[in-house]
Amino acid sequence: MSDRFLSGKVALVTGSTSGIGLGIAQALAGAGANIVVNGFGDPGPALTSIQSQGVLARFVGADMRSPQEIEQMFETVGKDWGGVDILVNNAGIQHVSPIETFPIGQWDDVLAINLSSAFHTTRLALPRMRANHWGRIINIASVAGLRVLSQIGVYCMSKAGVVQMTKAMALEWGRYGINVNAICPGYIETEINREYFRSEG
């Protein structure tokens, strides 16, 4: 399978044990990339489905709320596989609540996982990508980052931050052969959206 165009590349997809992240990881594996799976869910089915495509796959269960665990993940991948060539910042959570009653702990978690984790993973991926003059960073934002939706204002704020961060990174790093893009999915039936759909009735 060496003729596949991403053969030999290492792709890290955060939040990839299920949902959109798993679908992205499977697609990258189909193109020949070796995959680092990350997320809170059971990694077994994800690893099996990815490895069935003839590539390497491993699970690193770093908590995306923790900069220290993110750094440890990159150290592990760097030591064992040389580093990350393709980074997909997909990890995300959502809490449905009006802003005036939004729990402080949930505020911290939403911003940490949806926005800050993408900053930390990207800053750690950059040195290898810049040295190789090649890298791909894909930030999974949301249509909610482009317009505000009722009851998920904090989620909208976090995803708007992802959109603006993507633009800044693309401007700064394009000269090094690093492409940075954001994808803004609409309403997709994944676990993260079910609470919102139930609240809207």
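Throughout this document, residue positions are counted from 1 along each chain, in the order its sequence is written. Residues qualify for local features only when their pLDDT is at least 70, as the model is predicted, and side-chain atom pairs are given and counted only at 80 or more; totals for whole chains, interfaces and linings, by contrast, use all residues. Side-chain measures here rest on the full set of heavy atoms in the structure, leaving out hydrogens and waters.

### Some points on the environment of asparagine 34
Condition: Secondary structure elements follow DSSP: runs of H or I of four or more residues count as helices, runs of E of two or more count as strands, with numbering from the N terminus. The criterion used for residue contact is that any of the two residues' heavy atoms lie within 4.5 Å. Any pair of N or O atoms that falls within 3.5 Å is considered a polar contact. Within protein, one atom must be able to donate a hydrogen and the other to accept it, and sequence-neighbouring residues count only if both atoms are side-chain atoms.
Looking at where asparagine 34 falls in the secondary structure, it is placed in strand S2 (residues 34–37). C-alpha of asparagine 34 to C-alpha of lysine 9: the two residues are 25 residues apart in sequence and 6.2 Å apart in space. The contacts of asparagine 34, once residues within four sequence positions are left out, are Lys9, Val10, Ala11, Val55, Leu56 and Trp81. In this structure the side chain of asparagine 34 is engaged in a polar contact, spanning 2.9 Å, whose partner is the backbone nitrogen of leucine 56.

### Digging into the pairing of strand S5 (residues 135–140)
Worth spelling out the cut-off: Here a strand pair is declared whenever DSSP counts at least two bridges between the two strands. Handedness rule for crossovers: strands pointing away from the viewer, path from the first strand over the helix to the second running clockwise, crossover right-handed.
Where strand S4 (residues 86–89) lies against S5, four bridges are found, and the strand directions are parallel. Bridging across to S5, asparagine 89 finds its partner in asparagine 139. With helix H4 (residues 104–132) bridging S4 and the parallel S5, this β-α-β connection has right-handed handedness. The pairing of S5 with strand S6 (residues 178–183) spans six bridges and is parallel. Bridge pairing links asparagine 139 to alanine 182 in S6.

### Some remarks on helix H2 (residues 44–51)
Rule in force here: Relative accessibility under 20% of the residue-type maximum defines a buried residue, over 50% an exposed one, and the middle range a partly exposed one, all with a 1.4 Å probe and only protein chains included. Here the arc refers to the directions that run from the helix axis out to each C-beta atom.
Within the sequence span of H2, burial applies to Ala46, Leu47 and Ile50. The arc that holds the buried residues of H2, viewed along the axis, is 95 degrees, so those residues lie on one side. Within H2, the exposed residues directed more than 90 degrees away from the buried face are Pro45 and Thr48. The elements touched by buried residues of H2 are helix H1 (19–30), S2 and strand S3 (57–59).

### Quick notes on the environment of threonine 76
One can find threonine 76 in helix H3 (residues 67–81). Given the relative accessible area of 30%, threonine 76 is considered partly exposed. When the C-alpha atoms of threonine 76 and asparagine 181 are compared, they prove to be 26 Å apart, with 105 residues separating the residues in sequence.

So yeah, pure geometry; function would need other evidence.
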